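Report on the structure
What follows is each chain in one-letter form.
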Amino acid sequence: ILFYSFFKSLVGKDVVVELKNDLSICGYVSAAKKNLQPGSIVCYVQLQADEVDTQLLQDAARKEAMKQKQ
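Conventions used here
- Counting from 1, residues in each chain are numbered in the order their sequence is written.
- Reporting of local features is limited, given that this is a predicted model, to residues whose pLDDT is at least 70; pairs of side-chain atoms are given and counted only at 80 or more, and all residues count toward the totals for whole chains, interfaces and linings.
- Hydrogens and water are ignored here; the side-chain numbers use all heavy atoms of the structure.
- Think of it this way: any DSSP run of H or I at least four residues long counts as a helix, any run of E at least two long counts as a strand, and we number them from the N terminus.
- Buried means the residue's accessible area, taken with a 1.4 Å probe over protein chains only, is under 20% of the maximum for its type, while exposed means over 50%, and partly exposed covers the values in between.
- Between two residues, a contact is recorded if the distance between any of their heavy atoms is within 4.5 Å.
- By definition, two strands form a pair when at least two bridges between them are found by DSSP.
- The quantity called pLDDT is the predictor's confidence in a given residue, expressed from 0 to 100.
- Axis definition: a line fitted to C-alpha atoms, limited for helices to the stretch in contact. Angles are taken between N-to-C directions and run from 0 to 180 degrees.
- A pairing counts as a salt bridge when a side-chain nitrogen of Lys or Arg comes within 4 Å of a carboxyl oxygen of Asp or Glu.

This part is about the overall build of the protein chain. Scanning the protein chain for helices and strands turns up 2 helices and 3 strands. Its helices and strands taken in sequence order, the protein chain reads α-β-β-β-α from the N to the C terminus. When its C-alpha atoms are laid out on the principal axes, the protein chain stretches across 40 × 30 × 20 Å. The burial tally for the protein chain puts 11% of its 70 residues in the buried class. Summarising the internal contacts of the protein chain: among those between residues at least 6 apart in sequence, 48% fall at separations of at least 24.

Here we take up the pairing of strand β2 (residues 24-28). Relative to β2, strand β1 (residues 14-19) is paired through 5 bridges, and the arrangement is antiparallel. Paired with V16 across the two strands is C26, which belongs to β2. From the end of β1 to the start of β2, which pair antiparallel, there are 4 residues, and D22 there has a positive phi angle of about 70 degrees.

In this structure, A32 sits in the loop between β2 and β3 (42-47). Under the relative-accessibility criterion, A32 is labelled partly exposed at 23%. As a C-alpha pair, A32 and V11 span 21 residues in sequence and 7.1 Å in three-dimensional space.

Confidence in the prediction of the protein chain, expressed as mean pLDDT, is 84, and 91% of residues score 70 or more. Taken element by element, the predicted model of the protein chain shows its lowest mean pLDDT in helix α1 (residues 2-8) (77) and its highest in β2 (95).

Below, the discussion takes up the sheet that holds β3. As summarised here, the arrangement of the 3 strands in space is β2-β1-β3, forming an open sheet in which the pairing is antiparallel. The open sheet has two edge strands with one neighbour each: β2 and β3. Across the sheet, the mean angle separating the axes of adjacent strands is 20 degrees when strand polarity is ignored.

The phi torsion at D22 lies on the positive side, around 70 degrees, for a residue other than glycine. Position of D22 among the secondary structure elements: in the loop between β1 and β2.

A few words on the pattern of salt bridges. Tallied over the full model, the rule gives 3 salt bridges. Taking the shortest distance from any N to any O, the salt bridge between K67 and E64 comes out at 3.8 Å. One end of the pair, K67, and the other, E64, are both in helix α2 (residues 54-69), 3 residues apart, so they sit about a helical turn from each other. Among the residues examined, K67 registers a relative accessible area of 54% and is labelled exposed.

Have a look at this one:
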């Protein structure tokens, strides 16, 4: 859910998606779909640095990790 919420904030923004088969796709995020199935062919998602609030993302990741430990 953490990354779903994050990707919803990227709708309309430019990204580069690198896949595990070494293919890179440039474009913009048109929608974020909640997928409960684990696994993906996505290796990396490159974003503009000014498009991401890294402190907010790190804090949310820490909270999620603490919740999973309980």
